[in-house]
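Summary of the model geometry
Here is how the chains run, residue by residue.
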Amino acid sequence: MTSTPQDHRLATPWSRSLGLRVPVVNAPMGGVAGGRLAAAVDAAGGLGMIGMGSAGSVATLEREVAAAGDTAFGIGLVDWVREHETGLLATAIAAGPRLLSISFGTDLTWVPMVRAAGIRTATQVYDVPGAHRAQDAGIDVLVVRGSEGGGHGADRLALLPLLDAVLEIASVPVLAAGGIGSGRSLAAVLAAGAAGAWLGTGLAAAEESLLPENARRAMLAADSTHTVVTTVFDEVLDLPWPPIYPARVLRNDVTDPWSRPEFDEERPTAEVLRAAMDSDDVTIAPVDAGQGVGLIRHVEPAATIIERMCADAAELLGR
Ligand SMILES: Cc1cc2nc3c(=O)[nH]c(=O)nc-3n(C[C@H](O)[C@H](O)[C@H](O)COP(=O)(O)O)c2cc1C
């Protein structure tokens, strides 16, 4: 793809410093954002991130890095998974990502270590104290994640008040995340001063994602009111997610328990939940999605989604 005038209008100092044509990053979504999506986002001029979620492992990361082929990509890890999975961080560093993001933890001693390997660092923050802590640790770019966002994250502030507050104190570039799924929302965060947008839900159902078929259909069918913030799935599976990081998911029979009287104490067992996840039964299994899910109507290539968003944003910002 060649660079267009719109690309130049949207570029920020941060996106230019990474050699991106557009200031768009795909969020590292475990089980969804693999090497194929990262390569597609790279080809569209953005930064593609390979995500390792709760089930992240060295073998899966190696597979997805290979799937990214000869493209530039970033990698995102979950803090507690990095601690449990020996070798995961070393594998990520060895892959030479353009950006390494580790979120959902309080220990930021990995930041100087990763920077010493010549790799830029990112982490998601949810308030001003969190932004200060990350900056003090030497982070290269802050990702402010509003409570509208899909997947795990603190249910604290909506994106605009959070972005406003963090931009006030930020000494490093700030990426905006949470509910960005159109040219309008992209234009809004860039106009506010964000260095770029970090898109999860908006790219989760892209043609190149790893999202299973029923989860993809559920995303297409959902409107923006069809999500809920919950810890129920992590509790049932006994995963060590810190309770301050619940997940925003599509509502289903587990999040709306009155619809399934057979669930003892309003919950499935871990066995039932795991079987549902394996068989892509989205009436029980979690589907991570943010409030922007209502904007997804078709399965499209990532490039089509990004090009449309950027063209619309450029037009709005040019008015
Ligand atoms: C399907 C899905 C999976 C996600 N998995 C991860 C993950 O593994 N690691 C991570 O740091 N964030 C993950 N997130 C959260 C994103 O990094 C980001 O905060 C969020 O997607 C932004 O909001 P949006 O979904 O409205 O774009 C996930 C989000 C979604 C939608």
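Source: prediction; values computed, not measured. Per chain, the residues get numbers from 1 upward, laid out in the order the sequence is written. Side-chain atom pairs in this predicted model are given and counted only at pLDDT of 80 or more, local residue features only at pLDDT of at least 70, and totals for whole chains, interfaces and linings cover all residues. Excluded from the side-chain calculations are hydrogens and water; all other atoms, namely the structure's heavy atoms, are used.

If you check the domain split of the protein, you get domain 1 (5-210 + 299-318) and domain 2 (213-278). Taking only C-alpha atoms into account, the centre of domain 1 sits 25 Å from that of domain 2. When checking whether two residues touch, look at their non-hydrogen atoms; a contact exists if any pair is within 4.5 Å. Contacts between the two partners involve 23 residues from domain 1 and, on the opposite side, 14 residues from domain 2. Once two parts are brought into contact, the accessible area they lose, counted with a 1.4 Å probe and summed over both, makes up the buried area. In total, domain 1 and domain 2 occlude about 1,500 Å² of area from one another, counting both sides; carbon and sulfur atoms represent 64% of this. Polar contacts here mean pairs of N or O atoms no more than 3.5 Å apart (in protein, one a potential hydrogen donor and the other a potential acceptor; neighbouring residues in sequence count only if both atoms are side-chain atoms). There are 10 residue pairs in polar contact (both at pLDDT 80 or more) connecting domain 1 and domain 2. For the side of domain 1 that touches domain 2, the per-class residue count stands at 10 nonpolar, 10 polar and three charged. The start and end points of each domain follow an automatic or database-based domain assignment. Amino acid classes used here: Ala, Val, Leu, Ile, Met, Phe, Trp, Tyr, Cys and Pro are nonpolar; Asp, Glu, Lys and Arg are charged; the rest, including Gly, are polar.

Only protein chains enter the accessibility calculation, which uses a 1.4 Å probe; a residue whose area is less than 20% of its type maximum is buried, one above 50% is exposed, and one in between is partly exposed. A run of H or I in DSSP becomes a helix once it reaches four residues, and a run of E becomes a strand once it reaches two; helices and strands are each numbered from the N terminus. Counting buried positions over the five residues of strand 4 (residues 99-103) gives five, a clear majority of the element. Covered by surrounding structure in strand 4 are Leu-99, Ser-101 and Ser-103 together with Leu-100 and Ile-102, the residues of both alternating faces. Any two strands between which DSSP finds at least two bridges are classified as paired. The pairing of strand 4 with strand 5 (residues 120-125) spans three bridges and is classified as parallel. Across the sheet, Leu-99 pairs through a bridge with Arg-120, a residue of strand 5. Taken together, strand 4, helix 7 (residues 110-116) and strand 5 form a β-α-β motif whose crossover is right-handed. Classification remark: right-handed applies to a crossover when, strands pointing away from the viewer, the course from the first strand over the helix to the second runs clockwise.

The next point concerns the site of the ligand. Note on definitions. A residue lies near a molecule or strand when any single heavy atom of the residue is within 4 Å of it. Neighbouring the ligand are 21 residues, the closest being Pro-28, Gln-124, Gly-179, Gly-200 and Thr-201. Within the backbone of Gly-178, one N or O atom sits 3.4 Å away from an oxygen atom of the ligand. Exposure was quantified through the Shrake-Rupley algorithm and a 1.4 Å probe, taking into account, for residues, occlusion by the shown protein chains and nothing else. Bound to the protein, the ligand loses 97% of the 590 Å² it would expose on its own. Split into classes, the residues belonging to the shell around the ligand amount to nine nonpolar, 10 polar and two charged.

What follows covers the pattern of salt bridges. Throughout this description, the term salt bridge denotes a Lys or Arg side-chain nitrogen within 4 Å of a carboxyl oxygen of Asp or Glu. For the coordinates displayed, the defined rule picks out 10 salt bridges. For Glu-213, the salt bridge is made with Arg-217, and the minimal N-O distance between the two is 3.8 Å. On the criterion of helical spacing, the pair formed by Glu-213 and Arg-217 is a turn pair, its members being four residues apart in helix 12 (residues 213-221). The class of Glu-213 is partly exposed, set by a relative accessible area of 43%. Note that Arg-319 and Glu-315 form a salt bridge whose closest N and O atoms lie 3.7 Å from each other. The class of Arg-319 is exposed, set by a relative accessible area of 73%. Residues joined by salt bridges that share partners form a network here, namely Asp-79, Arg-82 and Glu-83.

Pairing is antiparallel across the open sheet formed by three strands, whose spatial order is 7-11-10. At either end of the open sheet lies a strand with only one pairing partner, and these are strand 7 (151-152) and strand 10 (227-230). Note that strand 7 and strand 11 (residues 247-250) share two bridges and pair antiparallel. Residue pairing in the sheet places His-152 in a bridge with Ala-247 of strand 11.

The next point concerns the packing of helix 3 (residues 35-43) against helix 4 (residues 58-68). For every element, the axis is a line fit to its C-alpha atoms; helices are fit only across the contacting stretch, and the angle between N-to-C directions ranges from 0 to 180 degrees. The N-to-C vectors of helix 3 and helix 4 enclose an angle of 35°; their axes lie 7 Å apart at closest approach. The crossing of helix 3 and helix 4 is right-handed. Residues Gly-35, Arg-36 and Ala-39 of helix 3 lie in contact with helix 4, whose contacting residues are Glu-64, Ala-67 and Ala-68. Tallied by class, the residues present in the contact of helix 3 with helix 4 amount to three nonpolar, one polar and two charged. Put simply, a crossing is left-handed when the front helix is turned counterclockwise from the back one by less than a right angle, and right-handed when it is turned clockwise.

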